[in-house]
Amino acid sequence: MPTSADILWFKTEFQSQIEPALANTPLTVDFITAIACQETGELWPVLRRKSLTTAQILALCVGDTLDADKGRSAFPTTKADLLSQPRGDEMFAIAHEALVNMAAHIPAYSRIAARPDKFCHGFGLFQLDLQFFREDPAYFLQKDYERFDRTLAKCVIELKRALKKLGFDKRATLSDLELAAVGIAYNTGRFNPQKGLKQGHFNGTQYYGEAIF
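All of the points below concern the structure found in this document. (Residues numbered from 1 in each chain as written. Predicted model: local features only at pLDDT ≥ 70, side-chain atom pairs only at ≥ 80, totals over all residues. Heavy atoms only, no water.)

1. Examining the overall build of the chain
Looking only at helices and strands, the chain has eleven helices and three strands in total. Going residue by residue from the N terminus, the α and β elements of the chain occur as α-α-α-α-β-α-α-α-β-β-α-α-α-α. Its C-alpha atoms give the chain a radius of gyration of 17 Å, near enough to 17 Å, the size a compact globule of 213 residues would have. C-alpha extents for the chain along the principal axes are approximately 45 × 35 × 35 Å. In the chain, which comprises 213 residues, the proportion classed as buried is 45%. For the chain, restricting intrachain contacts to residue pairs at least 6 apart in sequence, the fraction spanning at least 24 positions comes to 62%. (Helix = DSSP H or I, 4+ residues; strand = E, 2+ residues; numbered from the N terminus. Rg over C-alpha atoms; globule rule 2.2 N^0.38 Å. Buried < 20%, exposed > 50% of the residue type's maximum accessible area, 1.4 Å probe, protein only. Contact = heavy atoms within 4.5 Å.)

2. A word on the sheet that holds strand S1 (residues 62-63)
Taking strand neighbours across the sheet as the criterion, the three strands line up as S1-S2-S3 in an open arrangement whose pairing is antiparallel. For this open sheet the edge positions go to S1 and strand S3 (128-129), each flanked by a neighbour on one side alone. Two elements, S1 and strand S2 (residues 122-123), share two bridges in a ladder whose sense is antiparallel. Looking at the pairing, Gly 63 lines up with Gly 122 of S2. (Pairing = 2+ DSSP bridges.)

3. Some thoughts on helix H2 (residues 29-40)
Helix length check: H2, at twelve residues, gives a terminal C-alpha distance of 16 Å against a target of 16 Å (1.5 Å per residue), a fit within 8%. Where burial is concerned, most of H2 is hidden: ten out of the twelve residues are buried. Here H2 has its buried residues at Val 29, Phe 31, Ile 32, Thr 33, Ile 35, Ala 36, Cys 37, Gln 38, Glu 39 and Thr 40. Elements that come into contact with the buried residues of H2 comprise helix H1 (4-21), helix H3 (44-47), helix H9 (148-166), helix H10 (176-188) and helix H11 (208-212). (Expected span 1.5 Å × (residues − 1).)

4. Description of the nonpolar core
Formed by 63 residues in total, the largest nonpolar core has its most connected members in Phe 10, Met 91, Phe 123, Leu 125 and Phe 126. Counting residues per element, this core draws most heavily on helix H6 (residues 88-103), at eight residues. Once residues lying within four places of it in the same chain are set aside, the contact partners of Phe 126 are Phe 10, Ile 32, Ile 35, Ala 36, Glu 39, Phe 148, Thr 151, Leu 152, Cys 155 and Tyr 186. (Core = buried A, V, L, I, M, F, W, Y, C linked by side-chain atoms within 4.5 Å.)

5. Some details on the environment of Thr 77
When you line up the elements, Thr 77 lands in the loop between S1 and helix H5 (79-83). C-alpha separation for the pair Thr 77 and His 121, spaced 44 residues apart in sequence, amounts to 9.5 Å.

6. Points about the pattern of salt bridges
The full count for this structure, using the stated rule, is 14 salt bridges. Between Arg 150 and Asp 144 there is a salt bridge whose closest N-O contact spans 3.1 Å. Exposure remark for Arg 150: the relative accessible area of 32% places this residue in the partly exposed category. Close ionic contact of Arg 171 with Glu 178 constitutes a salt bridge, the shortest N to O distance being 2.9 Å. Residues joined in a network through salt bridges with shared partners are Asp 6, Arg 48 and Arg 49. (Salt bridge = Lys/Arg side-chain N within 4 Å of Asp/Glu carboxyl O.)

Here you go:
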């Protein structure tokens, strides 16, 4: 996970764009930073230490290669599922190339990137899922996710949906636990109060909610 030095880099690069995007919401810069750490924290801390520009780092923030055989149920579950959609062939080419380009810098992805049928499902620093391709194909096809303002805007839209779902949209401030609940809803689309922080993606040691908190 990112270190304090990585977080300082993130805020130095992006805080000036984040603050106005959060106007009239109870969301905070620290919370957005936590989302970035959780979504692509295995990537940008490594990439920023290489001789890459911020624009190049943002372009390489892609991931999630799991298909139906690993439990994915959301569109697209397979390459064939993606190819069945209008301009799906173009999207597959972009998604596979994105995986190959990222794997050139992140060795853990090298083996999966060598498979010609594999592709990324998560795009941008905040990992908008490819399930939204049918809703907004231009965002993916035009590679808008490579721009911080565009990927942040998509993130805030989804976070506002989570706020409304949890009844927090009229609040001026939220506690850390309430923000973690928003993060869980961002990750899973829902929040079950009975489960507390043990919700969202499980990485083998922590749930998404625990890591955000």
